[in-house]
Amino acid sequence: HPELKSGREENKEAKESMYMHYKRWEWYMSSRLGPNGEFVNIYDMTARSLREKINLQQAQKDRNINSAWTFMGPSSSPYGSTANGNGIGRVNKVVFHPLNQDTYFICTPNGGLWRTTNDGLSWTNMTDYLPCIGIADFVISWANVNTMYLLTGDPADGWAGFGYGQRSIGILKSTDAGASWHQTGTLPSTADDYNGNALVQSPTNQNILIAPTNTGLYRTTDGGTTWVQVAAGGWWDVKFKPGDGTRVYATQGHSF
């Protein structure tokens, strides 16, 4: 009869059923074993993990509350503004002098480039009378600290297109430690309405710099005299691998 099965067939089906049952159990237990394959109490491990997570979150909270930060200024506007915060606003970047630990710079979106030479006790503006006082980034050449580069504009200002922000006028260069500034070559294929986001110098070639903008990624090999667009689209940040002038990492995603 076709519905009758031999003992051999029934035994085979029984073995297959046991094997499938074992494989399901094996898959289920594969995520419930210890690091050496031993059986563990998964529910107890989950409870301990949750307790550790709560303790870690509390430790991070306590560390933030008790961090030993010191305000370094500036705390007032040179013109004594009566606006909220006395005219003090955002800071885009902090750049340290490579040879003097008490000298560092801050790039501001609407106040220019500021320098302290006494570890924050006093500040001096280095970009008075420039046509654009928004500074996105700042580079001090490792080959000659008197050579400096400024990327103008404000990368975070989404209102720039409406006339309220600081659009870039390109990259400025100083060869006298910031006493005077002049424009480098224009960035090709850029509209009048664009933002620069960052600026980096090659760690092995002082004349190579890269600038990501919302209209492309630009590169100079002659200290800013000419610039070439090496990639189109919006670019946010770029970094050289430390000590390697041939390896560069860049990120996209800026829409302003």
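Above this note sits the structure.
Only a predicted model underlies this, so the values are computations on that prediction, with no experimental measurement involved.

Chemist: What is the right way to read the side chain of Ser-202 from this model?
Modeler: With respect to the helices, strands and loops of the structure, Ser-202 is situated in the loop between β9 (200–201) and β10 (209–213). On the basis of relative accessible area, Ser-202 is assigned to the buried category, the value being 0%. At a separation of 3.2 Å, a polar atom in the side chain of Ser-202 contacts the main-chain amide nitrogen of Asn-205.

Chemist: Just checking my understanding: could you explain the packing of aromatic side chains for this structure?
Modeler: To describe a pair of aromatic rings, you give the distance between the ring centres and the angle between the ring planes. Inspection of every chain in the model, using the stated rule, returns 4 aromatic pairs. When the ring of Tyr-22 is compared with that of Trp-25, the centres are 5.9 Å apart and the planes differ by 35°; the resulting orientation is tilted. Of the two residues, Tyr-22 and Trp-25 both sit in helix α1 (residues 7–30), 3 residues apart, roughly one turn of that helix. Taken together, a centroid distance of 5.5 Å and an interplanar angle of 50° make the contact between Phe-96 and Tyr-104 tilted. Judged by relative accessible area, Tyr-104 falls into the buried class, the value being 8%. Three or more aromatic residues joined by ring pairs make a cluster, and in this case those are Phe-96, Tyr-104 and Trp-123.

Chemist: When you look at the pattern of salt bridges in this model, what are you seeing that I'm missing?
Modeler: Opposite charge on two side chains permits pairing when their charged atoms draw close. All told, the structure shown has 4 salt bridges when counted by the stated rule. We note a salt bridge from Glu-26 to Lys-23, for which the minimum N-O separation is 2.7 Å. Of the two residues, Glu-26 and Lys-23 are both situated in helix α1; the distance of 3 residues between them amounts to about one turn of the helix. Assessed through its relative accessible area of 32%, Glu-26 is described here as partly exposed.

What counts, and where the lines are drawn
- Residues numbered from 1 in each chain as written.
- Predicted model: local features only at pLDDT ≥ 70, side-chain atom pairs only at ≥ 80, totals over all residues.
- Heavy atoms only, no water.
- Helix = DSSP H or I, 4+ residues; strand = E, 2+ residues; numbered from the N terminus.
- Buried < 20%, exposed > 50% of the residue type's maximum accessible area, 1.4 Å probe, protein only.
- Polar contact = N/O pair within 3.5 Å; in protein donor to acceptor, adjacent residues only side chain to side chain.
- Phe/Tyr/Trp six-rings, centres within 6.5 Å; stacked < 30°, edge-to-face > 60°.
- Salt bridge = Lys/Arg side-chain N within 4 Å of Asp/Glu carboxyl O.

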